[in-house]
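Analysis of the macromolecular model
Now for the letters of each chain:
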Amino acid sequence: MPGEGAVINPFETARKQIDIVCDLLKINGGTREILKSPKRELTVNFPVRMDDGSYKVFQGHRVQYNMARGPTKGGIRYHPQVTLDEVRALAAWMTWKCAVVNLPYGGGKGGVVCDPKHLSQTELERLTRRYAVEIAPIIGPEMDIPAPDVYTDSQTMSWIMDTYSMMKGFSVPGVVTGKPISLGGSEGRGEATGRGCSYVIREAAPHAGVQMKGASVAVQGFGNAGSVTAKLLHDEQGAKIVAVSDSRGGITNPAGLDPHKVEAHKVKTGSVLGYPGAKPVSNTEILEMKVDVLVPAALENQITAKNAGKIQAKIVAEAANGPTTPDADDILFAKKITVLPDILANAGGVTVSYFEWAQDIQGFFWPLDEVNQRLERVMVRAYGEVHKVAVERKVHNRTAAYVVAIQRVVDAIKVRGIFP
Ligand code: NAD
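It should be emphasised that the depicted structure is a prediction, and the values quoted were computed from it without experimental measurement.

Assigned domains within the protein chain: domain 1 (37-183) and domain 2 (192-340). With centres defined by C-alpha atoms, the gap from domain 1 to domain 2 works out at 30 Å.

What follows is the structure, encoded as C-alpha coordinates:
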(Lines give C-alpha, C1' and ligand atoms only; values in the text may rest on other atoms or scores of the structure.)
Protein backbone atom coordinates (compact mmCIF):
# COMPACT_ATOMS: atom_id res chain seq x y z
CA MET A 1 0.00 0.00 0.00
CA PRO A 2 1.42 3.43 -0.72
CA GLY A 3 2.78 5.14 2.38
CA GLU A 4 1.75 8.60 3.51
CA GLY A 5 2.26 11.17 0.77
CA ALA A 6 3.60 8.29 -1.30
CA VAL A 7 5.51 9.13 -4.43
CA ILE A 8 6.64 5.54 -4.86
CA ASN A 9 4.42 3.84 -7.40
CA PRO A 10 4.14 0.19 -6.24
CA PHE A 11 3.79 -1.08 -9.79
CA GLU A 12 7.03 0.69 -10.79
CA THR A 13 8.70 -1.12 -7.85
CA ALA A 14 7.23 -4.44 -8.97
CA ARG A 15 8.48 -3.88 -12.53
CA LYS A 16 11.98 -2.96 -11.31
CA GLN A 17 12.15 -6.19 -9.30
CA ILE A 18 11.28 -8.13 -12.45
CA ASP A 19 14.05 -6.32 -14.38
CA ILE A 20 16.64 -7.22 -11.72
CA VAL A 21 15.79 -10.91 -11.93
CA CYS A 22 15.48 -10.85 -15.74
CA ASP A 23 19.00 -9.34 -15.92
CA LEU A 24 20.27 -12.13 -13.68
CA LEU A 25 18.53 -14.87 -15.69
CA LYS A 26 19.26 -13.18 -19.04
CA ILE A 27 15.57 -13.03 -19.92
CA ASN A 28 15.02 -10.41 -22.59
CA GLY A 29 12.76 -9.33 -25.43
CA GLY A 30 9.15 -10.42 -25.56
CA THR A 31 9.38 -12.76 -22.56
CA ARG A 32 10.53 -9.91 -20.32
CA GLU A 33 7.70 -7.74 -21.65
CA ILE A 34 5.15 -10.47 -20.85
CA LEU A 35 6.50 -10.72 -17.28
CA LYS A 36 6.23 -6.94 -16.85
CA SER A 37 2.68 -6.61 -18.21
CA PRO A 38 -0.62 -7.42 -16.49
CA LYS A 39 -2.50 -9.88 -18.70
CA ARG A 40 -6.05 -8.71 -18.01
CA GLU A 41 -7.52 -5.76 -16.12
CA LEU A 42 -11.11 -4.87 -15.39
CA THR A 43 -12.20 -1.55 -13.86
CA VAL A 44 -15.82 -1.19 -12.85
CA ASN A 45 -17.84 1.77 -11.61
CA PHE A 46 -21.04 0.69 -9.93
CA PRO A 47 -23.80 2.21 -7.81
CA VAL A 48 -24.63 1.02 -4.31
CA ARG A 49 -27.76 1.92 -2.38
CA MET A 50 -26.89 3.46 1.00
CA ASP A 51 -28.97 2.87 4.12
CA ASP A 52 -30.47 6.37 3.88
CA GLY A 53 -31.87 5.60 0.41
CA SER A 54 -29.27 7.59 -1.56
CA TYR A 55 -26.93 6.02 -4.15
CA LYS A 56 -23.16 6.24 -4.36
CA VAL A 57 -20.88 5.15 -7.18
CA PHE A 58 -17.83 3.09 -6.20
CA GLN A 59 -14.85 2.09 -8.29
CA GLY A 60 -13.38 -1.41 -8.19
CA HIS A 61 -10.64 -3.27 -10.04
CA ARG A 62 -9.68 -6.86 -10.70
CA VAL A 63 -6.29 -7.59 -12.26
CA GLN A 64 -5.22 -11.00 -13.56
CA TYR A 65 -1.49 -10.50 -13.81
CA ASN A 66 -0.25 -13.72 -15.33
CA MET A 67 -2.06 -17.01 -15.93
CA ALA A 68 0.65 -19.05 -17.64
CA ARG A 69 0.72 -21.52 -14.72
CA GLY A 70 -3.02 -21.75 -14.06
CA PRO A 71 -6.02 -19.77 -12.82
CA THR A 72 -5.15 -16.49 -11.10
CA LYS A 73 -5.34 -16.26 -7.32
CA GLY A 74 -5.31 -13.29 -5.01
CA GLY A 75 -7.22 -11.28 -2.46
CA ILE A 76 -9.72 -8.42 -2.64
CA ARG A 77 -8.89 -5.28 -0.69
CA TYR A 78 -11.35 -2.61 0.52
CA HIS A 79 -9.46 0.62 1.20
CA PRO A 80 -9.80 4.33 0.40
CA GLN A 81 -6.31 4.39 -1.16
CA VAL A 82 -6.77 1.48 -3.58
CA THR A 83 -5.40 2.38 -7.03
CA LEU A 84 -5.11 0.40 -10.23
CA ASP A 85 -1.30 0.48 -9.99
CA GLU A 86 -1.39 -0.85 -6.43
CA VAL A 87 -3.69 -3.69 -7.52
CA ARG A 88 -1.36 -4.44 -10.47
CA ALA A 89 1.66 -4.62 -8.13
CA LEU A 90 -0.14 -6.86 -5.65
CA ALA A 91 -1.27 -9.11 -8.52
CA ALA A 92 2.33 -9.38 -9.78
CA TRP A 93 3.55 -10.30 -6.28
CA MET A 94 0.83 -12.97 -6.04
CA THR A 95 2.13 -14.44 -9.30
CA TRP A 96 5.60 -14.87 -7.77
CA LYS A 97 4.26 -16.06 -4.41
CA CYS A 98 2.18 -18.83 -6.00
CA ALA A 99 5.09 -19.83 -8.24
CA VAL A 100 7.71 -19.94 -5.46
CA VAL A 101 5.69 -22.53 -3.52
CA ASN A 102 4.82 -24.21 -6.83
CA LEU A 103 1.03 -23.90 -6.70
CA PRO A 104 -0.67 -24.40 -10.11
CA TYR A 105 -1.80 -20.78 -10.11
CA GLY A 106 -1.06 -17.43 -11.63
CA GLY A 107 -1.48 -14.23 -9.66
CA GLY A 108 -4.36 -11.79 -9.40
CA LYS A 109 -5.70 -9.13 -7.08
CA GLY A 110 -8.78 -6.98 -6.63
CA GLY A 111 -9.72 -3.83 -4.82
CA VAL A 112 -12.60 -1.47 -4.20
CA VAL A 113 -11.99 2.18 -3.40
CA CYS A 114 -14.05 2.62 -0.22
CA ASP A 115 -13.72 3.20 3.48
CA PRO A 116 -15.27 0.12 5.07
CA LYS A 117 -15.10 1.76 8.51
CA HIS A 118 -17.74 4.21 7.30
CA LEU A 119 -20.06 1.62 5.78
CA SER A 120 -22.71 -0.34 7.67
CA GLN A 121 -22.83 -4.13 7.43
CA THR A 122 -25.82 -3.95 5.06
CA GLU A 123 -24.05 -1.36 2.84
CA LEU A 124 -20.95 -3.58 2.80
CA GLU A 125 -23.08 -6.54 1.76
CA ARG A 126 -24.70 -4.63 -1.12
CA LEU A 127 -21.31 -3.24 -2.22
CA THR A 128 -19.76 -6.71 -2.14
CA ARG A 129 -22.60 -8.39 -4.02
CA ARG A 130 -22.67 -5.71 -6.72
CA TYR A 131 -18.87 -5.79 -7.12
CA ALA A 132 -19.11 -9.61 -7.38
CA VAL A 133 -21.66 -9.31 -10.20
CA GLU A 134 -19.49 -6.72 -11.97
CA ILE A 135 -16.39 -8.95 -11.93
CA ALA A 136 -18.32 -12.21 -12.38
CA PRO A 137 -17.50 -12.46 -16.12
CA ILE A 138 -13.82 -12.93 -15.29
CA ILE A 139 -13.84 -14.91 -12.01
CA GLY A 140 -14.60 -18.57 -11.37
CA PRO A 141 -12.90 -21.74 -10.10
CA GLU A 142 -11.18 -22.28 -13.44
CA MET A 143 -10.29 -18.66 -14.14
CA ASP A 144 -9.64 -16.46 -11.12
CA ILE A 145 -10.21 -17.23 -7.45
CA PRO A 146 -10.42 -14.24 -5.05
CA ALA A 147 -9.71 -14.41 -1.31
CA PRO A 148 -9.75 -12.01 1.67
CA ASP A 149 -7.21 -9.19 1.98
CA VAL A 150 -7.15 -5.87 3.88
CA TYR A 151 -10.62 -5.18 5.38
CA THR A 152 -12.32 -8.15 3.74
CA ASP A 153 -12.95 -11.43 5.56
CA SER A 154 -14.78 -14.78 5.50
CA GLN A 155 -18.14 -12.96 5.53
CA THR A 156 -17.14 -10.99 2.41
CA MET A 157 -16.14 -14.27 0.72
CA SER A 158 -19.46 -15.88 1.70
CA TRP A 159 -21.38 -13.05 0.00
CA ILE A 160 -19.27 -13.38 -3.16
CA MET A 161 -19.71 -17.15 -3.20
CA ASP A 162 -23.49 -16.77 -2.74
CA THR A 163 -23.84 -14.05 -5.39
CA TYR A 164 -21.81 -16.00 -7.94
CA SER A 165 -23.77 -19.19 -7.14
CA MET A 166 -27.11 -17.37 -7.57
CA MET A 167 -25.98 -16.21 -11.02
CA LYS A 168 -25.02 -19.78 -12.00
CA GLY A 169 -28.05 -21.48 -10.43
CA PHE A 170 -25.99 -23.90 -8.34
CA SER A 171 -23.45 -23.68 -5.50
CA VAL A 172 -19.92 -22.86 -6.62
CA PRO A 173 -17.77 -23.00 -3.45
CA GLY A 174 -14.52 -23.01 -5.45
CA VAL A 175 -15.02 -19.44 -6.75
CA VAL A 176 -13.38 -17.94 -3.62
CA THR A 177 -11.24 -19.15 -0.72
CA GLY A 178 -11.07 -18.01 2.88
CA LYS A 179 -14.69 -19.11 3.37
CA PRO A 180 -16.10 -20.34 6.69
CA ILE A 181 -15.87 -24.13 7.18
CA SER A 182 -19.68 -24.33 6.88
CA LEU A 183 -19.44 -23.10 3.29
CA GLY A 184 -16.52 -25.25 2.08
CA GLY A 185 -13.63 -23.55 3.87
CA SER A 186 -10.60 -25.62 4.82
CA GLU A 187 -9.50 -26.81 8.22
CA GLY A 188 -6.29 -25.03 9.18
CA ARG A 189 -6.78 -21.96 6.95
CA GLY A 190 -6.96 -19.60 9.93
CA GLU A 191 -3.50 -20.44 11.20
CA ALA A 192 -1.88 -21.39 7.87
CA THR A 193 0.21 -18.24 7.39
CA GLY A 194 1.80 -18.45 10.84
CA ARG A 195 2.23 -22.21 10.58
CA GLY A 196 3.93 -21.93 7.19
CA CYS A 197 6.17 -19.19 8.57
CA SER A 198 7.16 -21.34 11.55
CA TYR A 199 8.16 -24.21 9.21
CA VAL A 200 10.32 -21.92 7.08
CA ILE A 201 12.06 -20.51 10.18
CA ARG A 202 12.70 -24.08 11.42
CA GLU A 203 14.26 -25.05 8.08
CA ALA A 204 16.41 -21.91 7.86
CA ALA A 205 17.67 -22.01 11.47
CA PRO A 206 20.54 -24.48 10.97
CA HIS A 207 21.82 -22.49 7.96
CA ALA A 208 21.70 -19.27 10.00
CA GLY A 209 23.49 -20.81 13.00
CA VAL A 210 20.39 -20.70 15.19
CA GLN A 211 19.31 -23.49 17.53
CA MET A 212 15.54 -23.10 17.78
CA LYS A 213 15.27 -24.71 21.23
CA GLY A 214 15.74 -21.74 23.55
CA ALA A 215 16.14 -19.27 20.64
CA SER A 216 14.94 -15.74 21.44
CA VAL A 217 12.13 -14.39 19.23
CA ALA A 218 10.58 -10.91 18.84
CA VAL A 219 7.30 -10.47 16.94
CA GLN A 220 6.17 -7.07 15.65
CA GLY A 221 2.40 -7.28 15.14
CA PHE A 222 0.69 -9.84 17.37
CA GLY A 223 -2.28 -10.36 15.02
CA ASN A 224 -3.28 -13.43 13.01
CA ALA A 225 0.06 -14.15 11.33
CA GLY A 226 2.26 -12.94 14.22
CA SER A 227 0.49 -14.61 17.12
CA VAL A 228 0.24 -18.00 15.39
CA THR A 229 3.93 -17.88 14.45
CA ALA A 230 4.81 -17.02 18.07
CA LYS A 231 2.65 -19.81 19.51
CA LEU A 232 4.03 -22.47 17.17
CA LEU A 233 7.68 -21.44 17.65
CA HIS A 234 7.04 -21.60 21.42
CA ASP A 235 5.00 -24.83 21.51
CA GLU A 236 6.58 -26.92 18.76
CA GLN A 237 10.17 -25.65 18.62
CA GLY A 238 10.84 -24.61 22.22
CA ALA A 239 11.70 -21.01 21.31
CA LYS A 240 11.52 -18.20 23.88
CA ILE A 241 9.20 -15.33 22.86
CA VAL A 242 10.93 -12.32 24.43
CA ALA A 243 8.90 -9.47 22.89
CA VAL A 244 5.64 -8.90 21.02
CA SER A 245 3.77 -5.78 19.93
CA ASP A 246 0.60 -4.46 18.37
CA SER A 247 -0.46 -1.07 17.00
CA ARG A 248 -0.44 0.44 20.51
CA GLY A 249 3.12 -0.66 21.38
CA GLY A 250 5.00 -3.68 22.65
CA ILE A 251 6.02 -5.65 25.73
CA THR A 252 9.21 -7.52 26.58
CA ASN A 253 10.41 -10.05 29.11
CA PRO A 254 13.90 -11.52 28.58
CA ALA A 255 12.87 -14.60 30.57
CA GLY A 256 10.16 -15.33 27.95
CA LEU A 257 6.45 -14.63 27.52
CA ASP A 258 3.73 -17.28 27.25
CA PRO A 259 2.15 -16.36 23.87
CA HIS A 260 -1.13 -18.09 24.80
CA LYS A 261 -1.48 -15.99 27.96
CA VAL A 262 -0.49 -12.82 26.07
CA GLU A 263 -3.17 -13.61 23.51
CA ALA A 264 -5.78 -14.11 26.24
CA HIS A 265 -4.73 -10.74 27.71
CA LYS A 266 -5.08 -9.10 24.26
CA VAL A 267 -8.54 -10.62 23.77
CA LYS A 268 -9.59 -9.33 27.21
CA THR A 269 -8.07 -5.84 27.09
CA GLY A 270 -7.68 -5.16 23.36
CA SER A 271 -3.86 -4.93 23.46
CA VAL A 272 -0.74 -6.76 24.57
CA LEU A 273 0.13 -3.67 26.66
CA GLY A 274 -0.20 -4.04 30.40
CA TYR A 275 0.56 -7.78 30.35
CA PRO A 276 1.73 -8.65 33.87
CA GLY A 277 5.48 -9.06 34.44
CA ALA A 278 6.55 -7.46 31.14
CA LYS A 279 8.18 -4.10 30.42
CA PRO A 280 7.00 -1.80 27.62
CA VAL A 281 9.00 -1.58 24.39
CA SER A 282 8.24 0.60 21.37
CA ASN A 283 7.49 -0.69 17.88
CA THR A 284 10.80 0.78 16.69
CA GLU A 285 12.81 -0.74 19.55
CA ILE A 286 11.34 -4.19 19.06
CA LEU A 287 12.91 -4.35 15.58
CA GLU A 288 16.36 -3.55 16.94
CA MET A 289 16.40 -6.02 19.85
CA LYS A 290 19.23 -8.52 20.17
CA VAL A 291 17.28 -11.68 19.33
CA ASP A 292 17.84 -14.79 17.26
CA VAL A 293 14.64 -14.41 15.23
CA LEU A 294 12.71 -11.25 14.36
CA VAL A 295 9.25 -11.68 12.85
CA PRO A 296 7.81 -8.50 11.29
CA ALA A 297 4.11 -9.39 11.11
CA ALA A 298 2.40 -6.00 10.90
CA LEU A 299 2.97 -3.46 8.16
CA GLU A 300 5.08 -2.75 5.10
CA ASN A 301 8.25 -0.60 5.12
CA GLN A 302 9.29 -1.29 8.73
CA ILE A 303 12.95 -2.12 8.04
CA THR A 304 14.45 0.65 5.91
CA ALA A 305 17.90 2.03 5.11
CA LYS A 306 17.54 4.09 8.32
CA ASN A 307 17.28 1.23 10.81
CA ALA A 308 18.63 -1.79 8.88
CA GLY A 309 22.12 -1.15 10.27
CA LYS A 310 20.72 -1.52 13.79
CA ILE A 311 18.98 -4.86 13.26
CA GLN A 312 20.65 -7.49 15.46
CA ALA A 313 18.52 -10.57 14.70
CA LYS A 314 20.13 -13.54 12.95
CA ILE A 315 16.92 -14.35 11.07
CA VAL A 316 14.28 -11.90 9.83
CA ALA A 317 11.17 -13.87 8.88
CA GLU A 318 8.71 -11.72 6.93
CA ALA A 319 5.26 -12.85 8.00
CA ALA A 320 4.04 -9.44 6.79
CA ASN A 321 4.02 -8.39 3.14
CA GLY A 322 6.77 -5.93 2.21
CA PRO A 323 8.21 -5.12 5.67
CA THR A 324 11.74 -4.61 4.26
CA THR A 325 12.63 -1.96 1.65
CA PRO A 326 15.05 -2.92 -1.19
CA ASP A 327 17.90 -0.71 0.12
CA ALA A 328 17.50 -2.27 3.58
CA ASP A 329 17.76 -5.71 1.96
CA ASP A 330 21.28 -4.96 0.79
CA ILE A 331 22.31 -3.77 4.26
CA LEU A 332 20.92 -6.90 5.92
CA PHE A 333 22.65 -9.11 3.34
CA ALA A 334 25.98 -7.36 3.97
CA LYS A 335 25.46 -7.98 7.71
CA LYS A 336 24.90 -11.70 6.93
CA ILE A 337 21.39 -11.60 8.38
CA THR A 338 19.19 -14.34 6.93
CA VAL A 339 16.03 -12.77 5.50
CA LEU A 340 13.14 -15.11 4.80
CA PRO A 341 11.28 -13.08 2.19
CA ASP A 342 7.53 -12.48 2.33
CA ILE A 343 6.69 -14.36 -0.88
CA LEU A 344 8.15 -17.48 0.79
CA ALA A 345 7.68 -16.88 4.54
CA ASN A 346 3.97 -16.00 4.40
CA ALA A 347 2.98 -18.27 1.51
CA GLY A 348 1.37 -20.76 3.93
CA GLY A 349 -1.85 -18.76 3.65
CA VAL A 350 -2.22 -19.04 -0.10
CA THR A 351 -1.06 -22.67 0.06
CA VAL A 352 -3.97 -23.66 2.30
CA SER A 353 -6.23 -21.49 0.11
CA TYR A 354 -5.12 -23.73 -2.73
CA PHE A 355 -5.99 -26.77 -0.58
CA GLU A 356 -9.42 -25.20 0.09
CA TRP A 357 -10.05 -24.80 -3.66
CA ALA A 358 -8.80 -28.34 -4.36
CA GLN A 359 -11.15 -29.73 -1.68
CA ASP A 360 -14.08 -27.65 -2.99
CA ILE A 361 -13.76 -28.82 -6.58
CA GLN A 362 -13.42 -32.45 -5.45
CA GLY A 363 -16.19 -32.11 -2.87
CA PHE A 364 -13.95 -34.12 -0.55
CA PHE A 365 -12.61 -32.55 2.63
CA TRP A 366 -9.44 -33.32 4.54
CA PRO A 367 -8.88 -33.51 8.29
CA LEU A 368 -6.65 -30.91 9.96
CA ASP A 369 -3.63 -33.19 10.32
CA GLU A 370 -3.66 -33.91 6.59
CA VAL A 371 -3.86 -30.18 5.75
CA ASN A 372 -0.93 -29.44 8.07
CA GLN A 373 1.21 -32.30 6.77
CA ARG A 374 0.67 -31.20 3.18
CA LEU A 375 1.43 -27.59 4.14
CA GLU A 376 4.65 -28.67 5.84
CA ARG A 377 5.73 -30.58 2.73
CA VAL A 378 5.12 -27.56 0.48
CA MET A 379 6.95 -25.09 2.74
CA VAL A 380 9.94 -27.36 3.42
CA ARG A 381 10.42 -28.06 -0.28
CA ALA A 382 10.06 -24.38 -1.23
CA TYR A 383 12.57 -23.24 1.39
CA GLY A 384 15.05 -25.89 0.18
CA GLU A 385 14.70 -24.76 -3.44
CA VAL A 386 15.17 -21.09 -2.57
CA HIS A 387 18.13 -21.79 -0.27
CA LYS A 388 19.85 -23.84 -2.99
CA VAL A 389 19.59 -20.99 -5.51
CA ALA A 390 20.78 -18.44 -2.90
CA VAL A 391 23.90 -20.51 -2.23
CA GLU A 392 24.60 -21.33 -5.88
CA ARG A 393 24.16 -17.77 -7.13
CA LYS A 394 25.52 -16.06 -3.99
CA VAL A 395 22.44 -13.85 -3.74
CA HIS A 396 20.11 -13.11 -0.84
CA ASN A 397 17.00 -15.18 -0.30
CA ARG A 398 14.64 -12.58 -1.77
CA THR A 399 16.45 -12.55 -5.09
CA ALA A 400 16.68 -16.34 -4.93
CA ALA A 401 12.93 -16.63 -4.32
CA TYR A 402 12.25 -14.36 -7.31
CA VAL A 403 14.64 -16.38 -9.44
CA VAL A 404 12.82 -19.63 -8.60
CA ALA A 405 9.40 -18.04 -9.15
CA ILE A 406 10.13 -16.13 -12.35
CA GLN A 407 11.96 -19.09 -13.88
CA ARG A 408 8.87 -21.25 -13.28
CA VAL A 409 6.60 -18.70 -14.96
CA VAL A 410 9.03 -18.37 -17.89
CA ASP A 411 9.16 -22.17 -18.28
CA ALA A 412 5.36 -22.26 -18.51
CA ILE A 413 5.29 -19.39 -21.04
CA LYS A 414 7.95 -21.16 -23.14
CA VAL A 415 6.34 -24.60 -23.29
CA ARG A 416 2.90 -23.15 -23.96
CA GLY A 417 4.26 -21.02 -26.79
CA ILE A 418 2.77 -17.84 -28.11
CA PHE A 419 -0.75 -18.08 -29.56
CA PRO A 420 -1.48 -18.17 -32.47
P1 NAD B 1 -3.99 -8.72 11.66
O2 NAD B 1 -4.84 -7.53 11.51
O3 NAD B 1 -4.57 -9.97 12.25
O4 NAD B 1 -2.73 -8.36 12.58
C5 NAD B 1 -1.95 -7.23 12.39
C6 NAD B 1 -1.32 -6.89 13.74
O7 NAD B 1 -0.40 -5.82 13.57
C8 NAD B 1 -2.34 -6.43 14.79
O9 NAD B 1 -2.02 -7.03 16.03
C10 NAD B 1 -2.10 -4.92 14.85
O11 NAD B 1 -2.39 -4.39 16.15
C12 NAD B 1 -0.63 -4.86 14.57
N13 NAD B 1 -0.19 -3.54 14.09
C14 NAD B 1 -0.83 -2.64 13.32
N15 NAD B 1 -0.07 -1.55 13.16
C16 NAD B 1 1.07 -1.78 13.84
C17 NAD B 1 2.26 -1.03 14.04
N18 NAD B 1 2.40 0.20 13.54
N19 NAD B 1 3.24 -1.61 14.75
C20 NAD B 1 3.10 -2.83 15.28
N21 NAD B 1 2.01 -3.58 15.13
C22 NAD B 1 1.02 -3.05 14.42
O23 NAD B 1 -3.37 -8.98 10.23
P24 NAD B 1 -2.64 -10.30 9.67
O25 NAD B 1 -3.61 -11.06 8.87
O26 NAD B 1 -1.90 -10.99 10.77
O27 NAD B 1 -1.62 -9.63 8.66
C28 NAD B 1 -0.38 -9.09 9.08
C29 NAD B 1 0.57 -9.05 7.90
O30 NAD B 1 0.72 -10.37 7.39
C31 NAD B 1 0.12 -8.19 6.72
O32 NAD B 1 1.24 -7.63 6.09
C33 NAD B 1 -0.51 -9.21 5.80
O34 NAD B 1 -0.50 -8.76 4.43
C35 NAD B 1 0.42 -10.37 6.01
N36 NAD B 1 -0.15 -11.63 5.58
C37 NAD B 1 -1.20 -12.19 6.24
C38 NAD B 1 -1.74 -13.38 5.79
C39 NAD B 1 -2.87 -14.05 6.51
O40 NAD B 1 -3.27 -15.13 6.05
N41 NAD B 1 -3.38 -13.53 7.62
C42 NAD B 1 -1.20 -14.00 4.65
C43 NAD B 1 -0.12 -13.41 3.99
C44 NAD B 1 0.39 -12.23 4.48
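Read on, since the account is not over.
Here the focus is helix α6 (residues 192-204). Residues three or four positions apart in an α-helix share a direction because the helix packs 3.6 residues into each turn. Helix length check: α6, at 13 residues, gives a terminal C-alpha distance of 18 Å against a target of 18 Å (1.5 Å per residue), a fit within 8%. Summarising burial for α6: 11 of the 13 residues are buried, a large majority. Every buried residue belonging to α6 is among A192, T193, G194, R195, G196, C197, S198, Y199, V200, I201 and A204, and all of these are buried.

A cis geometry characterises the amide bond from F419 onward to P420, with omega recorded as 0°. Located in the positive-phi region is N102, a residue other than glycine, with phi close to 65°. For N102, the position within the fold is in the loop between α3 (84-100) and β4 (106-113). Owing to a relative accessible area of 34%, N102 belongs among the partly exposed residues under this scheme.

Our next topic: the state of the cysteines. Evaluated as defined, the whole model comprises 0 disulfides. C22 forms no disulfide, and the closest cysteine sulfur to it belongs to C98, at a distance of 18 Å. Classification of C22 by relative accessible area gives buried; the value is 0%.

The next subject is the nonpolar core. Counting 88 residues, the largest nonpolar core has L35, W96 and I406 as the members making the most contacts within it. Considering each element in turn, this core owes the most residues, 11 residues, to helix α13 (residues 397-416). Shared between two domains, this core takes at least three residues from each, and those domains are domain 1 (37-183) and domain 2 (192-340). Ignoring sequence-local partners within four residues, the contact set of I406 consists of I18, V21, L25, I27, L35 and W96. One finds V44, Y131, W159 and M161 within the second-largest nonpolar core, a separate group that totals 25 residues.

Attention now moves to the environment of E300. Relative to the assigned elements, E300 resides in the loop between β10 (293-296) and β11 (315-317). The class of E300 is partly exposed, set by a relative accessible area of 28%. Taking C-alpha positions, E300 is 4.6 Å from G322, a pair spaced 22 residues apart along the chain.

Turning our attention to the sheet that holds strand β1 (residues 40-49). Reading across the sheet, the 5 strands line up as β1-β2-β4-β3-β5 and stay open at both edges, with mixed pairing between neighbours. On the outer flanks of this sheet lie β1 and β5 (144-148), each paired with one strand and no other. If you compare each strand with its neighbour and ignore which way they point, the axes differ by 25° on average. In this structure, strand β3 (residues 72-79) lies alongside β4, joined through 6 bridges in parallel fashion. Opposite R77, over in β4, you have G111 as the bridge partner.

Another point: the site of the ligand. Contacts to the ligand come from 20 residues, most closely from T193, N224, A225, N283 and N321. A distance of 2.6 Å is found between an oxygen atom of the ligand and a side-chain nitrogen or oxygen belonging to T193. One nitrogen or oxygen atom from the main chain of A319 is found 3.3 Å from an oxygen atom belonging to the ligand. When the ligand sits alone it has 820 Å² of accessible area, and the protein chains cover 70% of it. Broken down by secondary-structure element, the contributors of at least two residues to the shell around the ligand are α7 (224-237) and β7 (240-246).

Thresholds applied
Residues numbered from 1 in each chain as written. Predicted model: local features only at pLDDT ≥ 70, side-chain atom pairs only at ≥ 80, totals over all residues. Heavy atoms only, no water. Domains from an automatic or database assignment. Helix = DSSP H or I, 4+ residues; strand = E, 2+ residues; numbered from the N terminus. Expected span 1.5 Å × (residues − 1). Buried < 20%, exposed > 50% of the residue type's maximum accessible area, 1.4 Å probe, protein only. Disulfide = S-S within 2.5 Å. Core = buried A, V, L, I, M, F, W, Y, C linked by side-chain atoms within 4.5 Å. Contact = heavy atoms within 4.5 Å. Pairing = 2+ DSSP bridges. Axes fitted to C-alpha atoms, helices over the stretch in contact; angles between N-to-C directions. Near = heavy atom within 4 Å. Polar contact = N/O pair within 3.5 Å; in protein donor to acceptor, adjacent residues only side chain to side chain. Areas by Shrake-Rupley, 256 points an atom, 1.4 Å probe, with all protein chains shown as cover.

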